[in-house]
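Observations on chain architecture
If you want the building blocks of each chain, they are given just below.
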Amino acid sequence: MSPRPGRRGPAFARVVILVFAGLALVATAAPAQDEGSSGPSTQVWANVTMGKSRGEKTYLELDIEPKHQVSGGEQWRNIDFTPLVERYPTDWLDLTAEMTVGNTRQRDGLDTFEITPRVGARFHLFGKMAPFLPGIPGLKYERLPRTRLGVATLVRVEWRNFSYSDETPSQHTWRARLRLEGKLAVNHATQAQDRTLYAIGDAEYYQPLGDDIEERYVNKVRSRLGLGYRFSTRTKLEFLYIRDWNRDSPEEEGSEDTQAFDLKVKLLF
C-alpha cells in the first residue's frame, strides 16, 4: 500500500537526524577564537516555520529562529519570533508585512530586546507564480513558480527598535533591504512535485537610512547558498550556508563578519 499524501516516513526522520548531526559536528569542531580575533564569527541557526494559506490571495506564517554563536568574539544566544502576512494581488507580485520580536543574551549578562516591523514587495522575474492544488483534504493552495527556476527581487523597509537591560538608551533606526533570490528544482521539472530536491541562492544588501545614526556607513551584504527538499505540500527541509560582510566607513572595503549554518523546517497546515 502506498503512503498517504503528505505522510512523513522513515526517510524524513533519517534526513533530519543527519542534518542535526552535521550541525552538531560544525558547532563542536569550529575553531575557538579570542574576543580580539579579526576573523569571522561562526554561528548555528535553526528555523521552524509554520504557515497556512487563506485562499489564493493570502498566506499567514510564524517563524521561530534560535541562534547561537559558537566561536569568534562575544559568545551569545538569541531567539526571534517573526509573524508574517503575505498578500498576492497578481501572479508576479507578493506584498509582505512582518514583525520580528527577539531577545539576545550577551556573554556579559547584557540582554537586548528587539521589535522590528517591516514591509516589502517581492517581484517575480522571468516567470509567473500559480497556486498549486495538491488534492489533499484541508490543503488547497501553495504558491510556487510554474517553471523549474524561480527568480525574484525582494525589497523591504524596516524600523528597528532595540532596548537594553542596563542603562544604555534605546535605539530606533530605519533600514532598507534589497535581495535577489532564486530556487532551482534539481530532480523534477517544477518545484511543485513531492520529493523534489531544489537549490537555493540569494544575495541581500542592507542600507541604514538617515544621517544622524551611528551605523549609517555600516552597509551589510549577506549571501546564502543551500539545498532544500520538498517532502510534500506539508513539509520542507532546507539547509543553508550564510556569509555576512560589513563596511564600517565610506573609505573601508567590506570585511567578512559572520558565517552561519542554518537548518530550516517548514510546515504548512
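**Some words on the overall build of the chain**
Counting its regular elements, the chain contains 1 helix and 13 strands. For the chain, the α and β elements follow one another from N to C terminus as α-β-β-β-β-β-β-β-β-β-β-β-β-β. The contacts in the chain between residues at least 6 apart in sequence include a share of 56% that link residues at least 24 apart. Accessible surface, the chain as shown: approximately 14800 Å² in total, 59% of it carbon and sulfur.

**Here's the deal with the confidence of the model for the chain**
Low-pLDDT portions of the prediction should not be read for the details of their coordinates. Confidence in the prediction of the chain, expressed as mean pLDDT, is 82, and 75% of residues score 70 or more. Taken as a whole, residues 26–36 scores under 50 in pLDDT and shows 16 contacts with residues more than four places along the chain or in a different chain.

**Topic: the pattern of salt bridges**
Per the counting criterion, the structure on display carries 24 salt bridges. Here glutamate 181 ties to arginine 179 by a salt bridge, and the two come within 3.0 Å at their closest N and O atoms. Overall, the relative accessible area of 14% leaves glutamate 181 in the buried class. The partner of arginine 222 in a salt bridge is aspartate 244, and the shortest N-O contact between them spans 2.8 Å. Separated by 22 residues along the polypeptide, arginine 222 in strand 11 (residues 219–230) and aspartate 244 in strand 12 (residues 235–247) bring together distant segments of the chain. The same class applies to arginine 222 and to aspartate 244, which are both buried.

**Let's talk about the pairing of strand 8 (residues 149–164)**
For strand 5 (residues 111–125) and strand 8, the ladder comprises 12 bridges, and the chain directions are antiparallel. Bridge pairing links alanine 121 to valine 155 in strand 8. Bridge analysis of strand 8 against strand 9 (residues 171–185) gives 14 bridges, and the strand direction is antiparallel. If you follow arginine 160 over to strand 9, its bridge partner there is threonine 173.

**Focus: unusual backbone geometry**
Positioned with a positive phi, arginine 195 is a non-glycine residue whose angle comes to about 60°. For arginine 195, the location among the structural elements is in the loop between strand 9 and strand 10 (196–209).

**Regarding a nonpolar patch on the surface**
A surface patch of nonpolar side chains, amounting to about 580 Å² of accessible area, comprises Trp92, Phe123, Val155, Leu178, Tyr205, Val221 and Trp245. Secondary-structure assignment places tryptophan 245 in strand 12. Judged by relative accessible area, tryptophan 245 falls into the partly exposed class, the value being 30%.

**Observations regarding the pairing of strand 5**
Pairing of strand 4 (residues 93–105) with strand 5, which is carried by 13 bridges, proceeds in the antiparallel orientation. What sits directly across from threonine 100, in strand 5, is threonine 116. Joining the antiparallel neighbours strand 4 and strand 5 is a turn of 5 residues, in which glycine 109 adopts a positive phi near 90°.

**Observations regarding the side chain of threonine 112**
Along the chain, the position of threonine 112 falls in strand 5. You can call threonine 112 buried: its relative accessible area is 11%. Not counting residues within four places of it along the chain, the set of residues in contact with threonine 112 comprises Gly102, Asn103, Thr104, Gln106, Ser163 and Tyr164.

**Details of the side chain of glutamate 65**
Structurally, glutamate 65 is set in strand 2 (residues 58–71). For glutamate 65, a relative accessible area of 11% puts it in the buried group. Residues in contact with glutamate 65, not counting those within four places in the same chain, are Trp45, Ala46, Asn47, Asn78, Ile79, Asp80 and Asp262.

**What to know about the packing of aromatic side chains**
When we look at a pair of aromatic rings, we describe it by the centre distance and by the angle of the planes. Per the stated rule, a full pass over the model turns up 4 aromatic pairs. Judged by centre distance (6.0 Å) and plane angle (20°), the rings of tryptophan 159 and tryptophan 174 are stacked. Taken together, the residues tryptophan 159 in strand 8 and tryptophan 174 in strand 9 connect sequence positions 15 residues apart. Pairing tyrosine 229 with phenylalanine 231 gives two aromatic rings, centres 4.7 Å apart and planes at 75°, and the pair type is edge-to-face. On the accessibility criterion, tyrosine 229 (25% relative accessible area) is partly exposed. A cation over a ring is seen here: arginine 143 above tyrosine 88, with NZ or CZ 4.1 Å from the ring centre. Residue placement shows lysine 220 over the ring face of tyrosine 206; its charged tip is 4.5 Å from the ring centre.

Rules behind the numbers
Residues numbered from 1 in each chain as written. Predicted model: local features only at pLDDT ≥ 70, side-chain atom pairs only at ≥ 80, totals over all residues. Heavy atoms only, no water. Helix = DSSP H or I, 4+ residues; strand = E, 2+ residues; numbered from the N terminus. Contact = heavy atoms within 4.5 Å. Areas by Shrake-Rupley, 256 points an atom, 1.4 Å probe, with all protein chains shown as cover. pLDDT = per-residue confidence, 0-100. Salt bridge = Lys/Arg side-chain N within 4 Å of Asp/Glu carboxyl O. Buried < 20%, exposed > 50% of the residue type's maximum accessible area, 1.4 Å probe, protein only. Pairing = 2+ DSSP bridges. Patch = residues over 30% accessible without salt bridge, like charges linked within 9 Å, V, L, I, M, F, W, Y side chains within 5 Å. Phe/Tyr/Trp six-rings, centres within 6.5 Å; stacked < 30°, edge-to-face > 60°. Lys NZ or Arg CZ within 6 Å of the ring centre and 35° of its normal.

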